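# Commentary on secondary and tertiary structure
Spelled out from the first residue to the last, the chains are:
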Amino acid sequence: GGFLLLPFLWLVNVVWFFREAFLAPPFGEQPRIKRYVLRSALGAGLWGLGLGVWVGLFQTRRSQWGALGDALSFTQPMGEP
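Residues numbered from 1 in each chain as written. Predicted model: local features only at pLDDT ≥ 70, side-chain atom pairs only at ≥ 80, totals over all residues. Heavy atoms only, no water.

### Regarding the overall build of the chain
Note the threshold: Only DSSP runs of H or I reaching four residues or more are called helices, and only runs of E reaching two or more are called strands; each is numbered from the N terminus. The globule rule used here is 2.2 Å times the number of residues to the 0.38 power, and the radius of gyration it is set against is calculated over C-alpha atoms. Contacts are assigned to residue pairs with any non-hydrogen atoms lying within 4.5 Å of each other.
In terms of regular secondary structure, the chain is built from three helices and zero strands. In sequence order, the secondary structure elements of the chain are arranged as α-α-α. Relative to the compact-globule value of 12 Å for 81 residues, the chain shows a C-alpha radius of gyration of 19 Å, a clear excess of over 25%. When contacts within the chain are restricted to residue pairs at least 6 apart in sequence, those whose partners lie at least 24 apart make up 24%.

Given below as structure tokens:
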């Protein structure tokens, strides 16, 4: 997946291994799997929170940023919001 899709892969890891980590009967490698699943959930959650904050800030303040806001925009809406 590479660096671009890493948060998506973390989320897939959480969904795929949740049963083995928390619901399955105890086995030797379960503590290690639990640790990986928790870290993946934390990473995906923090990345999602950061993305949500960025989207909120960008959509509410893009016009105030002037040329920088226009340069960061894929499409440039006409006029003021």
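### Quick notes on the pattern of salt bridges
Let me state the cut-off plainly: A pairing counts as a salt bridge when a side-chain nitrogen of Lys or Arg comes within 4 Å of a carboxyl oxygen of Asp or Glu.
Tallied over the full model, the rule gives two salt bridges. Across the salt bridge formed by Asp-70 and Arg-62, the nearest N and O atoms sit 3.0 Å from each other.

### A short note on the UniProt feature "transmembrane region" (unreviewed entry) in the chain
The criterion, for reference: UniProt positions are given in the numbering used here, feature names are shortened, and annotations may be inferred rather than shown by experiment.
What UniProt calls "transmembrane region" (unreviewed entry) maps, in this numbering, to residues 6-24 and 36-57. Overall, residues 6-24 shows 95% helix and 0% strand. The separation of its end C-alpha atoms is 26 Å. Annotated as 100% helix and 0% strand, the span residues 36-57 places its first and last C-alpha atoms 31 Å apart.

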